[in-house]
Amino acid sequence: MAAEIIDGKAIAQTVLAKARAAASAFTPRAGRPPGLAVVLVGEDPASQVYVRNKSREAEAAGFRSEQHNLPVTTTEAELLALVARLNADPGIDGILVQLPLPRTIDTDRVLMAVDPAKDVDGFHPVNVGLLGSGATARALVPCTPAGSLILIESVLGPSLAGKQAVVVGRSNIVGKPIAQLLLQRDATVTIAHSKTADLAAVCRRADVLVAAVGRPEMIRGDWIRPGAVVVDVGINRIPAPERGEGRTRLVGDVATREAAEIARAITPVPGGVGPMTIALLMANTVTAAHLREGLPRPVFGA
Ligand SMILES: NC(=O)C1=CN([C@@H]2O[C@H](COP(=O)(O)OP(=O)(O)OC[C@H]3O[C@@H](n4cnc5c(N)ncnc54)[C@H](OP(=O)(O)O)[C@@H]3O)[C@@H](O)[C@H]2O)C=CC1
Ligand SMILES: Nc1nc(=O)c2c([nH]1)NC[C@@H]1CN(c3ccc(C(=O)N[C@@H](CCC(=O)O)C(=O)O)cc3)C=[N+]21
Ligand SMILES: [Mg+2]
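- An unreviewed UniProt entry lists the chain under the name Bifunctional protein FolD, with Phreatobacter stygius as the source organism.
- Note on the chain: under the UniProt heading Function (unreviewed entry), the record states "Catalyzes the oxidation of 5,10-methylenetetrahydrofolate to 5,10-methenyltetrahydrofolate and then the hydrolysis of 5,10-methenyltetrahydrofolate to 10-formyltetrahydrofolate."

Structure below.
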């Protein structure tokens, strides 16, 4: 039995449609559109593509959209000054500082400087704490985890009661917040990482398997429990000589073709979690706009 391929691109479009509708209702009520500022330091080509896509979606959703491209020589003080200016701008609801930052800048200090009410990445300790304590009505939840949960929900529905979930990866931006969201949906959650013993056996217990590692196709077909729902967060660019000299292609952290022989459903790369991340950024910006204006929080899930 071949697995269902979860269409992240299509599901992202439904989230974007809701974000656009919420934005166009918000604008006359608030007398201004939702505003998103994206900050990029340096010239990493992949980051430039992502940031451009984010700005393009923000414009399509009718937001006020600002992109700040700073040179790689930007000092921490200069970046903090920009964040302070965006914090103080009443027309800006969302501030996203694209990661990774140059090594000369203290990432934690910058993320902590963002007003938690404008923290559409959900990386500020206030939002991390709200998520961890289950206060999700008030929290801004990280985009990739929130998008991954919607993809899981599209197959299994909202409740994960009785299910074993395994998250491979424990980063603050992906693995840990996904684990929190799965726990909130009543899954029994295991977080695995580079020091986990017998990772294959741990993965084989998973009814829901989330891979957020950054290692191309590390998770093989025989690591998958029959009938599992597999979410592949990994984005890895690898050489593709079959496409011609110097060409590359994107693969996830899961050997998709093998896993699709065993799983019930699996997200592809590209076209899975990636588009959801961008859609949830728009949703979080509209949410931040509503919360800042004292309006009820809109709903973007399934
Ligand atoms: N689709 C999207 O929208 C997004 C995709 N990504 C992608 O997701 C992937 C993960 O990103 P991110 O969380 O930021 O990455 P990090 O590098 O921050 O974290 C990777 C995690 O994987 C663990 N790990 C590394 N090697 C192994 C191994 N051999 N066995 C088990 N665990 C291992 C690490 O363990 P330890 O903690 O012990 O070092 C760490 O916890 C990347 O491919 C990234 O490009 C990221 C963000 C958004
Ligand atoms: N502050 C911050 N917030 C982030 O959310 C953030 C970040 N920094 N730094 C980098 C990672 C990575 N990330 C992706 C977003 C979209 C796709 C995406 O749209 N991927 C497409 C393919 C794009 C392509 O072809 O390259 C897809 O999977 O179909 C991928 C990865 C957000 N991140
Ligand atoms: Mg994110």
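Now that the structure has been shown, the text picks up again.
## Some points on the site of ligand 2
Inference 1: Around ligand 2 sit 18 residues, and of these Gln98, Leu99, Pro270, Gly274 and Thr277 come closest.
Inference 2: Of all the secondary structure elements, the ones that give two or more residues to the shell around ligand 2 are α2 (45–60), β4 (94–97), α6 (143–156) and α10 (273–292).
Inference 3: For the shell around ligand 2, the element with the highest residue contribution is α10, accounting for 4 residues.
Inference 4: Here the shell around ligand 2 gathers at least three residues from each of two domains, domain 1 (31–127) and domain 2 (143–275).

## Some words on the environment of Leu40
Inference 1: Here Leu40 lies in strand β2 (residues 35–41).
Inference 2: The spacing of Leu40 and His68 is 28 residues in sequence and 6.1 Å in space, taken between C-alpha atoms.
Inference 3: When residues no more than four places from it in sequence are discounted, the contact partners of Leu40 are Ser47, Gln48, Val51, Asn69, Leu70 and Gln98.

## Some points on helix α1 (residues 8–30)
Inference 1: Spanning 23 residues, α1 covers 32 Å between terminal C-alpha atoms, matching the ideal 33 Å at 1.5 Å per step.
Inference 2: Among all positions in α1, only Gly8, Ile11, Ala12, Val15, Leu16, Ala19, Ala22, Ala23 and Phe26 are buried.
Inference 3: In this fold, the buried residues of α1 make contact with α2, α6 and α10.
Inference 4: Looking one or two residues past α1, Gly31 carries a phi angle of roughly 75 degrees, positive in sign.

## Considering the sheet that holds β4
Inference 1: On the basis of which strands lie adjacent, the open sheet formed by 3 strands has the order β3-β2-β4 and parallel pairing. The open sheet has two edge strands with one neighbour each: β3 (64–70) and β4. Within the sheet, the average angular offset between the axes of one strand and its neighbour, ignoring direction, is 15 degrees.
Inference 2: In this sheet, β3 lies alongside β2 in parallel orientation, the contact comprising 7 bridges. Note that in β3 the partner of Gly35 across the bridge is Arg64.
Inference 3: Seen against the sheet, helix α3 (residues 76–88) touches β2, β3 and β4 and runs at an angle of roughly 175 degrees to β2.

## A word on the site of ligand 1
Inference 1: Around ligand 1 sit 25 residues, and of these Gly169, Ser171, Ser194, Gly214 and Thr277 come closest.
Inference 2: It is α10 that provides the largest number of residues to the shell around ligand 1, a total of 3 residues.
Inference 3: Residue classes in the shell around ligand 1 are distributed as 10 nonpolar, 12 polar and 3 charged.

## Things to note about the UniProt feature "binding site: NADP(+)" (unreviewed entry) in the chain
Inference 1: As annotated in UniProt, the feature "binding site: NADP(+)" (unreviewed entry) corresponds to Gly169, Arg170, Ser171 and Ile235 in the numbering used here.
Inference 2: Owing to 23 C-beta atoms within 10 Å, Gly169 belongs among the buried residues under this scheme.
Inference 3: Discounting chain neighbours no more than four positions away, the residues touching Gly169 are Val174, Gly175, His193, Ala212 and Val213.
Inference 4: The topology assignment puts Ser171 in the loop between β5 (164–168) and α7 (175–184).
Inference 5: In this structure Ser171 touches Lys176 and Ala212, once residues within four positions along its chain are discounted.

## Digging into the pairing of strand β7 (residues 208–211)
Inference 1: Covered by surrounding structure in β7 are Val208 and Val210 together with Leu209 and Ala211, the residues of both alternating faces.
Inference 2: Two elements, β5 and β7, share 4 bridges in a ladder whose sense is parallel. Residue pairing for β7: Ala165 is matched across the bridge by Val208.
Inference 3: Direction of pairing for β7 relative to strand β8 (residues 229–232): parallel, over a ladder of 4 bridges. Note that in β8 the partner of Leu209 across the bridge is Val230.

## Let's talk about the packing of α2 against α10
Inference 1: Between α2 and α10, the least distance of the axes is 10 Å, while the angle of their chain directions is 50 degrees. The angle between the axes of α2 and α10 places the two elements in the oblique class. Of the two possible hands of crossing, α2 and α10 adopt the one that is right-handed. For the pair formed by α2 and α10, the contact residues are Asn53, Lys54, Glu57 and Ala58 on the first element and Ile278, Leu281 and Met282 on the second.

## Structural notes on the UniProt feature "domain: Tetrahydrofolate dehydrogenase/cyclohydrolase NAD(P)-binding" (unreviewed entry) in the chain
Inference 1: Under the local residue numbering, the UniProt record ascribes the feature "domain: Tetrahydrofolate dehydrogenase/cyclohydrolase NAD(P)-binding" (unreviewed entry) to residues 142–290.
Inference 2: With 35% helix and 19% strand, residues 142–290 has its two end C-alpha atoms placed 17 Å apart.

About the criteria used
Residues numbered from 1 in each chain as written. Chains lettered and ligands numbered in written order. Predicted model: local features only at pLDDT ≥ 70, side-chain atom pairs only at ≥ 80, totals over all residues. UniProt positions renumbered as here; feature names shortened; annotations may be inferred. Near = placed C-beta within 6 Å. Helix = DSSP H or I, 4+ residues; strand = E, 2+ residues; numbered from the N terminus. Domains from an automatic or database assignment. Contact = placed C-beta atoms within 7 Å. Expected span 1.5 Å × (residues − 1). Buried ≥ 20, exposed ≤ 12 C-beta atoms within 10 Å, placed from the backbone. Pairing = 2+ DSSP bridges. Axes fitted to C-alpha atoms, helices over the stretch in contact; angles between N-to-C directions. Nonpolar A, V, L, I, M, F, W, Y, C, P; charged D, E, K, R; others polar. Parallel < 35°, antiparallel > 145°, perpendicular 65-115°, else oblique. Left-handed = near helix turned anticlockwise from the far one by under 90°.

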